[in-house]
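Remarks on the overall topology
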Amino acid sequence: MSYIDLHCHSTASDGTLPPEAVVKLAKDCGLSAMSLTDHDTVAGLSAAASEAGRLGIDFVTGIEISAEYARPGTLHMLGYGIDPASPILQDLTGKLLEARGDRNPKIVEKLNEVGVAVTMDEWRAEAKGGVLGRPQLAAILVRKGYVSSNKQAFDKYLGEGGLAYFDKERLTSRRAIEMVRKSGGVAVLAHPVQLRKENFAQLETTLKQLVDEGLGGLEVIHSEHDDLTVRELDRLADKFNLLKTGGSDFHGGNKPNIGLGIANGRRIPRAWFDALVKALKR
Ligand code: AMP
Ligand code: ZN
Ligand code: FE
Ligand code: FE
């Protein structure tokens, strides 16, 4: 059996390993194919693709975009097979970075107000030139001893309901899907469990809307999906004729409990990568 990982992050966003190192790790883990899905940026894709070519591991381009969604849920859209050079995508990622640029200083200011000493410069240093994301800030708070874990950093300060939580401007799901498709890619709903639906019937209703908006796939396997969720998502993907994908959502040291290629104890079958590539060729 051959396995893959279609959801992971590098230093181009809020992972701790450079793109090349993520690819090397995937190879060392015995994976036969992968994607890199950094938040709001395609900056890591060219380095990752070259390294994948060099090491002989199959690679498909990727991105993860946060879309508007009713709290307390979150809706993340994965885009696979996008052309990183597409002007539409360049324009989009520029705007997404601007929205982060508006939000991030508010978080730092609020943290300072509640007695947490941290600066934008420290956050930038932690981001190592990549997109500034909250997991890096969480790592700083842990290191400085304000909290004991990444989870506590989100629960107390950075997450929904936390003391320093601020939302950022987002695309609608319709626009996110449209942007991915116009850049040559297929849009896949990431970790559907994070929509925080009360039951699978409600999830199905939302999924149907997204399919009408042009959704092409569903992330069936993910680190936050238990066995029942995987089974139900697999069924829903079949029902709506969606591609199936899976990934760990690896972030390196920023989410130390998540290993590349393994999602809550499961591995992701190679056949899903082949079906994705086949769909992208059409
Ligand atoms: P950002 O893109 O800066 O808004 O940060 C998003 C990142 O924060 C994603 O990798 C999420 O998985 C992570 N994240 C969001 N909420 C939480 C939470 N409650 N606990 C841990 N990580 C979270
Ligand atoms: Zn992330
Ligand atoms: Fe996500
Ligand atoms: Fe992710």
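Look a little higher up for the structure.
The structure contained in this document is the topic of the report that follows.

What counts as what
Residues numbered from 1 in each chain as written. Chains lettered and ligands numbered in written order. Predicted model: local features only at pLDDT ≥ 70, side-chain atom pairs only at ≥ 80, totals over all residues. Heavy atoms only, no water. Near = heavy atom within 4 Å. Polar contact = N/O pair within 3.5 Å; in protein donor to acceptor, adjacent residues only side chain to side chain. Areas by Shrake-Rupley, 256 points an atom, 1.4 Å probe, with all protein chains shown as cover. Pairing = 2+ DSSP bridges. Helix = DSSP H or I, 4+ residues; strand = E, 2+ residues; numbered from the N terminus. Salt bridge = Lys/Arg side-chain N within 4 Å of Asp/Glu carboxyl O. Axes fitted to C-alpha atoms, helices over the stretch in contact; angles between N-to-C directions. Expected span 1.5 Å × (residues − 1). Buried < 20%, exposed > 50% of the residue type's maximum accessible area, 1.4 Å probe, protein only. Arc of directions from axis to C-beta. Donors = N, O, S within 2.8 Å, 3.2 Å for Na, K, Ca; no water. Phe/Tyr/Trp six-rings, centres within 6.5 Å; stacked < 30°, edge-to-face > 60°. Lys NZ or Arg CZ within 6 Å of the ring centre and 35° of its normal.

Quick look at the site of ligand 1
Every residue lining ligand 1 is accounted for by D14, H39, R100, R103, G133, R134, P135, N150, F154, K168, H251 and K255. Here R134 contributes a backbone N or O atom positioned 2.9 Å from an oxygen atom of ligand 1. K168 has a polar side-chain atom sitting 3.5 Å from an oxygen atom of ligand 1. Protein burial of ligand 1: of its 500 Å² of free accessible surface, 78% is covered by the chains.

Describing the sheet that holds strand β3 (residues 58–60)
Within the open sheet, the four strands sit side by side as β3-β2-β1-β9. Their pairing is mixed. This sheet does not close on itself; its edge strands, each paired only once, are β3 and β9 (268–269).

Thoughts on the pattern of salt bridges
Per the counting criterion, the structure on display carries 21 salt bridges. The partner of D238 in a salt bridge is K244, with the nearest N and O atoms 3.0 Å apart. Linked by salt bridges that have partners in common, D58, R270 and D274 make up one network.

Structural notes on the sheet that holds strand β4 (residues 62–67)
Adjacent strands of a sheet form backbone hydrogen bonds with each other and so pair up, either parallel or antiparallel. In spatial order, the strands read β4-β5-β6-β7-β8; together these five strands make up an open sheet with mixed pairing. Of all strands in the sheet, those bounded by a partner on one side alone are β4 and β8 (243–247). Direction aside, neighbouring strands of the sheet carry axes that sit 35° apart on average. Sheet topology places strand β6 (residues 186–189) next to strand β7 (residues 217–222); two bridges connect them, and they run parallel. Residue pairing in the sheet places V188 in a bridge with G217 of β7.

Points about helix α10 (residues 270–281)
Across its twelve residues, α10 extends 17 Å between first and last C-alpha, which sits within 8% of the 16 Å expected from 1.5 Å per residue. Within the span of α10, buried status applies to R270, W272, F273 and L276. Relative to the axis of α10, the buried residues are bounded by an arc of 160° and lie together on one face. Those residues of α10 that are exposed and angled more than 90 degrees off the buried face are K278 and K281.

With respect to the coordination of the iron ion (ligand 3)
Taken together, E64 (OE), H76 (ND1) and H191 (NE2) make up the full set of protein donors to the iron ion (ligand 3), lying 2.0 to 2.2 Å away. All donors of the iron ion (ligand 3) come from a single chain, and their spacing in sequence reads E-x11-H-x114-H. Separating the iron ion (ligand 3) and the iron ion (ligand 4) is a distance of 3.5 Å, and E64 donates to both of them. Of this pair, E64 sits in strand β4 while H191 sits in the loop between β6 and α8 (200–212); the two residues are 127 residues apart in sequence, bridging distant segments of the chain.

Examining the packing of aromatic side chains
Inspection of the entire model under this criterion finds zero aromatic pairs. Just above the ring of Y3 sits the side chain of R267; from NZ or CZ to the centre is 5.5 Å.

Some details on the coordination of the zinc ion (ligand 2)
Only D14 (OD), D14 (OD), H39 (NE2) and H251 (NE2) from the protein coordinate the zinc ion (ligand 2), and they sit 1.9 to 2.5 Å from it. One chain supplies every donor to the zinc ion (ligand 2), and in sequence these donors are spaced D-x24-H-x211-H. Separation of the zinc ion (ligand 2) from the iron ion (ligand 4) amounts to 4.6 Å. On the criterion of sequence distance, the pair formed by D14 in the loop between β1 (3–5) and α1 (19–28) and H39 in the loop between β2 (33–35) and α2 (45–55) is long-range, its members being 25 residues apart. Neither residue differs from the other here; D14 and H39 are each classed as buried.

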